[in-house]
Amino acid sequence: MQQKTLTKRTLTSSSCSHINTAFTGFGKVFKALILLSVATISCTAYTQTKTLSETQAQGKVLAFERAKGNCLACHVMEEGELPGNAGPPLVMMKVRFPEKSVLKQQIWDATIRNPKTIMPPFGRHGILTEKEIDAVVDYVYSL
Ligand code: HEC
């Protein structure tokens, strides 16, 4: 009985509502478990696969590379290892930057918005070329 309740709760919390059917009886609990594992595999694959364009993929390399953007030194970014937290996590960028040009300006020269920022002015100081910054902007905008 306890097992049945557990199965039902797990299924309900799954985002794949099409397999969220009510099961009754012990035979069906077994069937539900099989369905659940299949659903878990497909849901995981769905949520974790993010397709980046070629430019976005280049931007990701530049953003993560220590000798280039090194954004992870200060920002939490999806899939980035050992991030610092001097700056805000780079998430939901489209919501926070409805204007992509404002995001580019922030990366080009963060001192425009905050003269005392510790974020390096990547464009103004020539740390990254304009082409590289455009790729980074494309990538960061997908986060
Ligand atoms: C030395 C630390 C440091 C590095 C390296 C750094 N940043 Fe920042 N960043 C900050 C700080 C601190 C802020 C907070 C705003 C401020 O200081 O004005 C910030 C703010 C931002 C913001 C604005 C976020 C918001 O929600 O307002 C973006 C976007 C951003 N950084 C992107 C980047 C990208 C992309 C890179 C790599 C190319 C990078 N940063 C590298 C420290 C850093």
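Placed above this text is the structure.
Residues numbered from 1 in each chain as written. Predicted model: local features only at pLDDT ≥ 70, side-chain atom pairs only at ≥ 80, totals over all residues.

Notes on the overall build of the protein chain
For step 1, the next point in the chain: When its secondary structure is counted, the protein chain shows 6 helices and 0 strands.
For step 2, the next point in the chain: Listed by position from the N terminus, the elements making up the protein chain come as α-α-α-α-α-α.
For step 3, the next point in the chain: Expressed as a percentage of the 143 residues in the protein chain, the buried residues total 15%.
For step 4, the next point in the chain: Here the analysis covers contacts within the protein chain between residues at least 6 apart in sequence; of these, 49% occur between residues at least 24 apart. (Helix = DSSP H or I, 4+ residues; strand = E, 2+ residues; numbered from the N terminus. Buried ≥ 20, exposed ≤ 12 C-beta atoms within 10 Å, placed from the backbone. Contact = placed C-beta atoms within 7 Å.)

Some words on the nonpolar core
For step 1, the next point in the chain: Ranked by internal contacts, the top residues of the largest apolar core, which has 13 residues, are Leu62, Ala63, Ile107, Val136, Val137, Tyr139 and Val140.
For step 2, the next point in the chain: Among the secondary structure elements, those contributing two or more residues to this core are helix H3 (54–64), helix H5 (100–108) and helix H6 (130–140).
For step 3, the next point in the chain: At 5 residues, the largest contribution of residues to this core is made by H6.
For step 4, the next point in the chain: In this structure Ala63 touches Gly69, Cys71, Met77, Val136, Tyr139 and Val140, once residues within four positions along its chain are discounted. (Core = buried A, V, L, I, M, F, W, Y, C linked by C-beta atoms within 7 Å.)

Quick word on the packing of H5 against H6
For step 1, the next point in the chain: Contact geometry for H5 and H6: axes closest at 10 Å, N-to-C directions at 125°. Judged by the angle between their axes, H5 and H6 are oblique. Relative to H6, the crossing made by H5 is right-handed. Together, Lys100, Leu103, Lys104, Ile107 and Trp108 of H5 and Ile133, Val136, Val137 and Val140 of H6 make up the contact between the two elements.
For step 2, the next point in the chain: Broken down by class, the residue content of the contact of H5 with H6 amounts to 7 nonpolar, no polar and 2 charged. (Axes fitted to C-alpha atoms, helices over the stretch in contact; angles between N-to-C directions. Parallel < 35°, antiparallel > 145°, perpendicular 65-115°, else oblique. Left-handed = near helix turned anticlockwise from the far one by under 90°. Nonpolar A, V, L, I, M, F, W, Y, C, P; charged D, E, K, R; others polar.)

Overview of the site of the ligand
For step 1, the next point in the chain: The full set close to the ligand counts 25 residues, and Gly69, Cys71, Cys74, Gly87 and Asn114 are the nearest of them.
For step 2, the next point in the chain: Taken together, the elements giving at least two residues each to the shell around the ligand come down to H5 and H6.
For step 3, the next point in the chain: When residues in the shell around the ligand are grouped by element, the largest group, 3 residues, is from H5.
For step 4, the next point in the chain: A per-class count over the shell around the ligand returns 16 nonpolar, 7 polar and 2 charged. (Near = placed C-beta within 6 Å.)

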